[in-house]
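Given next are the chains, with one letter for each unit.
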Amino acid sequence: MASAITTLAADAPTLSAANTGFMLICSALVMLMTPGLAFFYGGMVRVKSSLNMLMMSFISLGIVTILWVLFGFSLAFGTDSGSLIGWSSDYVGLSGIGITELWDGYTIPVYVFAVFQLMFAVITPALISGALADRVKFSAWALFTALWVTVVYFPVAHWVWGAGGWLFELGVIDFAGGTAVHINAGAAALGVILVIGKRVGFKRDPMRPHSLPLVMLGAGLLWFGWFGFNAGSWLGNDDGVGAVMFVNTQVATAAAMLAWLGYEKLRHGSFTTLGAASGAVAGLVAITPSGGSCSPLGAIGIGAIAGLLCAMAVGLKYKFGYDDSLDVVGVHLVGGIAGSLLVGLFATGGVQSEAKGLFYGGGLEQLGKQAIGVFSILAYSLVASALLAFLLDKTIGMRVSEDDEISGIDQVEHAETAYDFSGAGGGASSRSTAPVPVAAASKKVDA
């Protein structure tokens, strides 16, 4: 008996300083993605809404962090109950966790796992905000964020990644968040915009990005942070799987960007910076669930397919009449669906698991599992998010007034403007004293 106990102790995981350090770095990279997303979205809106767009992402760092510590981590990763939700009293307030206590089966502390997963929880509701630009009260958005992560994100994270979660037990492959993050956020965005309606002037007024350099900066920060998002999701660096995911993240993103630009050139005659940034994000979204199960060649295929599909999908809002301001549905929902389903085609069976896709002799079994995961989360998030938006709209109101929307949500909601030009130019002698025509003044207001 003594020898058996000794052998068991020897085989038990021990804390790895290397993996712990690696995961803390990855957590910081994922945290950086939320400010990166804020820049990406902030540059895509008109100047009068840019601060509000930045804040709608940034506030998630505050709200979700506190909820995660209080009860979110317990709901998502606590002891399973009915394959639908978790709960562990030791995780409430992170109060019952030893500083060297390891996450079950891994060589990193529970605290490290908790903070890494926290960053995923933070960015997911921030993704939704891009669909709601220009028209949502900041207080209503903050309350929606708190309710949404509690009712939607925490349970879905348990389904997909929690031990005992029903999709986890089914064998749905989601390496880093194609279903739990991107489909979840994209479906939620669609649900909310169907409730709150279109912006004033949708399909009539030009609503061009006010700062494409800001968009490119945000896309670059997202691309950089996504290496932590994806490679870190293996929770260690001992067997090479994280390295494959790192490579596939770069490869798929490059392929998607090129595919988007190629479509754009053929369809519209130009290679745009907005297209390059959007294509890169589409590739990052698609490889998130699939990159741990495919080869680099497969990653090229997944990225190219996603880049093409997402480039085509962003125009659907004009055809069907839903106002997805910054293409959250077109990029995150469509890209997440594509990447998740393509696991069923491109999984080699030689990286994160032995599951094989159709192209590698695995038949349709894995594709069927992926489809169940995709459409169950899509349906749940769409319906639950629409109900939450409806309840808030009928109680405190989700939208600013039409006059406030036209004059600019930044000044109304935050008492600030993104750019102050009052000190620009010369002295009083250099200023024109000519009266400003009424038409010109109205254009300034609607900038």
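Residues numbered from 1 in each chain as written. Predicted model: local features only at pLDDT ≥ 70, side-chain atom pairs only at ≥ 80, totals over all residues. Heavy atoms only, no water.

(A) Highlighting the overall build of the chain. Counting its regular elements, the chain contains 17 helices and two strands. Taking 447 residues into account, the globule formula puts the C-alpha radius of gyration at 22 Å, and the chain, at 23 Å, falls close to it. Taking the principal axes of its C-alpha atoms as reference, the chain extends roughly 95 × 50 × 45 Å. The buried share among the 447 residues of the chain stands at 53%. Intrachain contacts of the chain at a sequence separation of at least 6 include 76% that bridge at least 24 residues. When the accessible surface of the chain is split by element, carbon and sulfur atoms take 67% of a total near 18400 Å². Taking the average place of the 20 positive charges on the side chains of the chain and the average place of its 27 negative ones, the gap between the two points comes to 17 Å. (Helix = DSSP H or I, 4+ residues; strand = E, 2+ residues; numbered from the N terminus. Rg over C-alpha atoms; globule rule 2.2 N^0.38 Å. Buried < 20%, exposed > 50% of the residue type's maximum accessible area, 1.4 Å probe, protein only. Contact = heavy atoms within 4.5 Å. Areas by Shrake-Rupley, 256 points an atom, 1.4 Å probe, with all protein chains shown as cover. Lys, Arg positive; Asp, Glu negative; His and termini not counted. Charge placed at Lys NZ, Arg CZ, Asp CG, Glu CD.)

(B) Broad picture of the packing of helix α7 (residues 178-196) against helix α14 (residues 365-395). Two elements in contact, α7 and α14, have axes separated by 7 Å at closest approach and are oriented at 40°. In terms of orientation, α7 lies oblique with respect to α14. Here α7 runs over α14; the crossing is right-handed. On α14, the residues that touch Thr179, Ala180, Ile183, Asn184, Ala187, Ala188, Leu190, Gly191, Val192 and Val195 of α7 are Gly373, Val374, Ile377, Leu378, Ser381, Leu382, Ser385, Ala386, Ala389 and Phe390. Among the residues forming the contact of α7 with α14, the class breakdown is 14 nonpolar, six polar and no charged. (Axes fitted to C-alpha atoms, helices over the stretch in contact; angles between N-to-C directions. Parallel < 35°, antiparallel > 145°, perpendicular 65-115°, else oblique. Left-handed = near helix turned anticlockwise from the far one by under 90°. Nonpolar A, V, L, I, M, F, W, Y, C, P; charged D, E, K, R; others polar.)

(C) Highlighting the confidence of the model for the chain. Averaged over every residue, the pLDDT of the chain is 92; the share at 70 or more is 92%. The model gives residues 1-10 a pLDDT under 50, and that stretch makes zero contacts with residues more than four places away or in other chains. (pLDDT = per-residue confidence, 0-100.)

(D) Inspection of the packing of helix α5 (residues 138-161) against α14 at higher detail. Packing of α5 against α14 leaves a shortest axis separation of 10 Å and a crossing angle of 160°. Between α5 and α14, the interaxial angle falls into the category roughly antiparallel. The handedness of the crossing between α5 and α14 comes out as right-handed. For the pair formed by α5 and α14, the contact residues are Ala140, Leu143, Phe144, Leu147, Trp148, Val151, Val152, Val156, Trp159 and Val160 on the first element and Ile377, Tyr380, Ser381, Ala384, Ser385, Leu388, Ala389 and Leu392 on the second. Here the contact of α5 with α14 is composed, by residue class, of 16 nonpolar, two polar and no charged.

(E) Layout of the side chain of Thr20. Of note, Thr20 is situated in helix α2 (residues 17-44). What makes Thr20 buried here is its relative accessible area of 13%. Excluding its chain neighbours within four sequence positions, the residues that come into contact with Thr20 are Leu15, Thr107, Ile108, Pro109 and Val112.

(F) Molecular detail of the packing of aromatic side chains. Under the criterion given, the structure shown has 25 aromatic pairs. Consider the rings of Tyr153 and Phe154, whose centres lie 6.3 Å apart with planes at 75°: the pair is edge-to-face. Summarising the burial analysis for this pair, Tyr153 and Phe154 share the class buried. Ring centres of Phe175 and Trp234 lie 5.7 Å apart, and the angle between their planes is 10°; on these two criteria the pair is classed as stacked. Pair noted here: Phe175 is in the loop between α6 (166-170) and α7 and Trp234 is in the loop between α8 (212-231) and α9 (241-268), with a separation of 59 residues, a long-range link. For Trp234, a relative accessible area of 25% translates into the label partly exposed. Put simply, the rings of Trp68, Phe71, Phe73, Phe77, Tyr91, Trp103, Phe113, Tyr153 and Phe154 touch in pairs and so form one group of aromatic residues. (Phe/Tyr/Trp six-rings, centres within 6.5 Å; stacked < 30°, edge-to-face > 60°.)

(G) Highlighting the nonpolar core. Counting residues in hydrophobic clusters, the biggest one holds 109 residues, and the most contacted among them are Phe40, Phe73, Leu132 and Tyr153. Per-element tally for this core: the top contributor is α5, with 16 residues. Counting residues in hydrophobic clusters, the runner-up holds 10 residues, among them Ala252, Ile287, Ala299 and Leu345. (Core = buried A, V, L, I, M, F, W, Y, C linked by side-chain atoms within 4.5 Å.)

(H) Just the pattern of salt bridges, in detail. Within this structure, the stated rule accounts for eight salt bridges. Two residues, Asp134 and Arg199, come together in a salt bridge whose shortest N-O distance is 3.3 Å. Within this pair, whereas Asp134 is found in the loop between α4 (110-129) and α5, its partner Arg199 is found in the loop between α7 and α8, the two being separated by 65 residues in sequence. For Asp134, a relative accessible area of 3% gives the class buried. Across the salt bridge formed by Asp323 and Arg135, the nearest N and O atoms sit 3.9 Å from each other. Highlighted residues: Asp323 in the loop between α12 (316-320) and α13 (328-346) and Arg135 in the loop between α4 and α5, separated in sequence by 188 residues. In this structure, Asp323 and Arg135 share a single accessibility class: buried. (Salt bridge = Lys/Arg side-chain N within 4 Å of Asp/Glu carboxyl O.)

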